[in-house]
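# Notes for the structure review
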Amino acid sequence: MTTQISKEIVFKGIAASGGVSIGPAIVISKAKTIIEERNISAGETETEIQKFSAAIEKTKSDILELQNKLKNAIGEKDSKIFDAHLLILNDKTLIDEIEKQVRADKKNIDFVFNQNIKRYVSAISSMSDSYFRERAADIKDIAERVLRNLAEGDEGNGIFENFTGQKIIVADELAPTDIAELDREKILAIVTETGAKTSHTAIMSRSLGIPAVVGIEGNPV
């Protein structure tokens, strides 16, 4: 009887947070939000804008709650990571532009918001400075929260709650708010395809003492 031994596969990445962990892995694939374009009547524009205002306020509340949670866990300094998220939500120029476009184009608010965010992310991602490129991840993170609240969904992060025991999380990407919502006792380590050492996700992993490797896109070695 011949026993087959599986070949070991090694991936190279960026050591974002020090430490060694051995254990079972759970692969997380975050669902992408699908935004449909809809025409709305002139009478519906103010309703859409009111929905947008409510979603912005709800998202601010969510972020402040996560920030306070982190403040207790890792201290005030590192919890200020979410100040960048709050700046986006308080960007009056961006908000006014979106509301103006809804009134002018008579399109649904989630479509207009998503189109504007995609333009911002594209512009920042093309910058030569890696620090500013990493901030694009913060914008995408906050945009996902706003879109979830626009859809009146409050599903939380159930993808992290549906497993027992301790696991190594393997994902295409994890946002800072994802890390903040993790049950630290269940997480042995984090591995992501995207990210850099200067990303807020990497900084939070270090602050929480979670070993992390990011940027493992490509072929195994």
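Let me begin by describing the structure that accompanies this report. Treat the numbers as computed from the prediction; the structure is a model and nothing was measured. (Residues numbered from 1 in each chain as written. Predicted model: local features only at pLDDT ≥ 70, side-chain atom pairs only at ≥ 80, totals over all residues. Heavy atoms only, no water.)

### Description of the overall build of the protein
- Scanning the protein from N- to C-terminus turns up 8 helices and 5 strands.
- N-terminal to C-terminal, the α/β element order of the protein is β-β-α-α-α-α-α-α-β-α-β-α-β.
- Its C-alpha atoms put the protein at 75 × 45 × 40 Å along the principal axes.
- The 221 residues of the protein split such that 41% are buried.
- Contacts in the protein between residues at least 24 apart in sequence constitute 66% of all its contacts with a sequence separation of at least 6.
- Counting every atom, the protein has about 12,700 Å² of accessible surface; 52% of that belongs to carbon and sulfur.
- Charged side chains in the protein number 29 positive and 35 negative. The centres of these two groups are separated by 4 Å. (Helix = DSSP H or I, 4+ residues; strand = E, 2+ residues; numbered from the N terminus. Buried < 20%, exposed > 50% of the residue type's maximum accessible area, 1.4 Å probe, protein only. Contact = heavy atoms within 4.5 Å. Areas by Shrake-Rupley, 256 points an atom, 1.4 Å probe, with all protein chains shown as cover. Lys, Arg positive; Asp, Glu negative; His and termini not counted. Charge placed at Lys NZ, Arg CZ, Asp CG, Glu CD.)

### Topic: the pairing of strand β3 (residues 167-171)
- Of all the 5 residues making up β3, 4 are buried; the element is thus mostly covered by neighbouring parts of the structure.
- The pairing of strand β2 (residues 25-28) with β3 spans 4 bridges and is parallel. Of the residues in β3, the one forming a bridge with isoleucine 28 is alanine 171.
- In this structure, β3 lies alongside strand β4 (residues 187-192), joined through 5 bridges in parallel fashion. (Pairing = 2+ DSSP bridges.)

All quantities given are derived from atomic positions and should not be read as evidence of function.
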